[in-house]
Amino acid sequence: MNLNASARWLALGAGALDLSSGLGLVLLPAFTLRLMGVAVPGSEALVFVRFVGVFVASVGACYLWAVLAPGIRMRVVLGGTLFFRAGVFVFTGLCVLAGALDAGWLAVTAADAGLIIAQAWLLAKGVGADA
């Protein structure tokens, strides 16, 4: 499989995961958090979970946008989302270490770490640079 096809599959998977989990956090926040294996906050805090869900879904939509017209768009999305992924990776990792989030959040930390590595590798290999 060539690098561009790998990038499309990665973007499709990350986009579907983020879009669906983000929409889940917006529409059914308590249910989605339970599916993730993390503690559900009180009902007054669920509006903030929904707010985060909007951002998660939007990042997912960016990946899917790149799948529709790969090339330079793919490169921009893979590069731009690295900032979001790195922020979430550091935040969730440190919050779990500090005891502010339960260990279930390490699944988010691990997923972001994997995507950071994969995206950085694809970018270093030149995905989308020839468009």
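See the structure shown above.
J.: What's the story with helix H5 (residues 106-124) in this structure? I'm lost.
T.: Every α-helix carries 3.6 residues per turn, so stepping three or four residues along brings you back to the same face. Here H5 spans 27 Å end to end across 19 residues, near enough to the 27 Å set by a 1.5 Å rise per residue. Taken together, the buried positions of H5 are Thr109, Asp112, Leu115, Gln119, Leu122 and Leu123. An end-on view of H5 places all buried positions within 160° of arc, on one side of the element. Among the exposed residues of H5, those pointing more than 90 degrees away from its buried face are Ala107, Ala110, Ile117 and Ala124. Residues of H5 that are buried make contact with helix H1 (3-27), helix H3 (46-68) and helix H4 (72-98). Note on H5: the residue one or two positions beyond its end, glycine 126, has a positive phi of about 100°.

J.: Hey, could you run me through the packing of aromatic side chains in this one?
T.: Under the definition given, this model contains one aromatic pair. Each ring, one from phenylalanine 51 and one from phenylalanine 55, has its centre 5.2 Å from the other, and the planes form 75°; the classification is edge-to-face. Residue phenylalanine 51 and its partner phenylalanine 55 are both found in helix H3; the two are separated by four residues, about one turn of the helix.

J.: How should I be thinking about the packing of H4 against H5 in this particular structure?
T.: Angle between the axes and distance between the axes: these two values describe a pair of packed helices. For the pair H4 and H5, the least separation of the axes is 8 Å and the interaxial angle reads 150°. Here H5 runs roughly antiparallel to H4, going by the angle between their axes. Crossing of H4 against H5: the hand is left-handed. Facing Arg75, Leu78, Gly79, Thr81, Leu82, Arg85, Ala86, Val88, Phe89, Thr92, Gly93 and Val96 of H4, the residues of H5 in contact are Leu106, Val108, Thr109, Asp112, Ala113, Leu115, Ile116, Gln119, Ala120, Leu122 and Leu123.

J.: What exactly am I supposed to notice about H3 here?
T.: With 23 residues, H3 should cover 33 Å at 1.5 Å per step; its first-to-last C-alpha distance of 33 Å lies within 8% of that length. For H3, the set of buried residues is Leu46, Val49, Gly53, Ala57, Val59, Gly60, Tyr63 and Ala66. Looking at the buried residues of H3, the elements they touch are H1, helix H2 (29-36), H4 and H5.

J.: Would you mind going over the pattern of salt bridges with me for this structure?
T.: Where side chains of opposite charge bring their charged atoms close, a pairing between them can arise. Considering all chains together, one arrives at two salt bridges under this definition. For aspartate 112, the salt bridge identified is with arginine 85, shortest N-O distance 2.6 Å. Separated by 27 residues along the polypeptide, aspartate 112 in helix H5 and arginine 85 in helix H4 bring together distant segments of the chain. Just as aspartate 112 is buried, arginine 85 falls in that class too.

Cut-off values and rules
Residues numbered from 1 in each chain as written. Predicted model: local features only at pLDDT ≥ 70, side-chain atom pairs only at ≥ 80, totals over all residues. Heavy atoms only, no water. Helix = DSSP H or I, 4+ residues; strand = E, 2+ residues; numbered from the N terminus. Expected span 1.5 Å × (residues − 1). Buried < 20%, exposed > 50% of the residue type's maximum accessible area, 1.4 Å probe, protein only. Arc of directions from axis to C-beta. Contact = heavy atoms within 4.5 Å. Phe/Tyr/Trp six-rings, centres within 6.5 Å; stacked < 30°, edge-to-face > 60°. Axes fitted to C-alpha atoms, helices over the stretch in contact; angles between N-to-C directions. Parallel < 35°, antiparallel > 145°, perpendicular 65-115°, else oblique. Left-handed = near helix turned anticlockwise from the far one by under 90°. Salt bridge = Lys/Arg side-chain N within 4 Å of Asp/Glu carboxyl O.

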